[in-house]
Amino acid sequence: MVILQREDGLYAYAEQYHYVSQYEGEIIAEGWATLPSDGMYATSQIAEIEGRAAFSQRHGVAY
């Protein structure tokens, strides 16, 4: 998860993931992708709390 500051000064969180695309055993693309951001929060701390809760629920891990 990453915390983003929006242009309007509010905060949001977004999930990032690493990908590797292969064709016939050869890597043709590799990098990081970001899923669409979620929410609008007054502080980065609130965005972090909400992002951790969403990640925990989505992936079945506890924070």
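Structure's up top.
For clarity, every value in this text was computed on a predicted model and none was experimentally measured. (Residues numbered from 1 in each chain as written. Predicted model: local features only at pLDDT ≥ 70, side-chain atom pairs only at ≥ 80, totals over all residues. Heavy atoms only, no water.)

Draft legend 1. View of the sheet that holds strand β2 (residues 11-14). Spatial ordering of the open sheet is given by β1-β2-β5, a layout of 3 strands whose pairing is antiparallel. Of all strands in the sheet, those bounded by a partner on one side alone are β1 (2-5) and β5 (38-41). Geometrically, the sheet is characterised by an average inter-axis angle of 30° between neighbouring strands, direction not taken into account. Pairing of β1 with β2, which is carried by 4 bridges, proceeds in the antiparallel orientation. Considered in β2, the bridge of glutamine 5 is made with tyrosine 11. Along the sheet face, helix α1 (residues 44-59) touches β1, β2 and β5 and points at about 25° away from the line of β2. (Pairing = 2+ DSSP bridges. Helix = DSSP H or I, 4+ residues; strand = E, 2+ residues; numbered from the N terminus. Axes fitted to C-alpha atoms, helices over the stretch in contact; angles between N-to-C directions. Contact = heavy atoms within 4.5 Å.)

Draft legend 2. How the structure looks around a nonpolar patch on the surface. Together, Tyr17, Tyr19 and Leu35 line one region of the surface with nonpolar side chains, adding up to about 260 Å² of accessible area. By the secondary structure assignment, tyrosine 17 is in strand β3 (residues 16-23). (Patch = residues over 30% accessible without salt bridge, like charges linked within 9 Å, V, L, I, M, F, W, Y side chains within 5 Å. Areas by Shrake-Rupley, 256 points an atom, 1.4 Å probe, with all protein chains shown as cover. Salt bridge = Lys/Arg side-chain N within 4 Å of Asp/Glu carboxyl O.)

Draft legend 3. Structural view of the side chain of glutamate 15. Mapped onto the secondary structure, glutamate 15 falls in the loop between β2 and β3. Overall, glutamate 15 belongs to the buried group, its relative accessible area being 10%. Polar side-chain contacts of glutamate 15 include one of 2.4 Å to the side chain of arginine 58. Only 2.8 Å separates the side chain of glutamate 15 from the side chain of histidine 59, close enough to count as a polar contact. With near-sequence residues (within four places) excluded, glutamate 15 lies in contact with Met1, Ala33, Thr34, Leu35, Phe55, Arg58 and His59. (Buried < 20%, exposed > 50% of the residue type's maximum accessible area, 1.4 Å probe, protein only. Polar contact = N/O pair within 3.5 Å; in protein donor to acceptor, adjacent residues only side chain to side chain.)

Draft legend 4. Inspection of the packing of aromatic side chains at higher detail. Overall, the coordinates contain 1 aromatic pair when judged by the stated rule. Ring centres 6.2 Å apart and planes at 20° place the aromatic pair tyrosine 13 and tyrosine 41 in the stacked group. Here tyrosine 41 lies in strand β5 and tyrosine 13 lies in strand β2, a separation of 28 residues in the sequence. Here tyrosine 13 and tyrosine 41 have matching classes, each one buried. (Phe/Tyr/Trp six-rings, centres within 6.5 Å; stacked < 30°, edge-to-face > 60°.)

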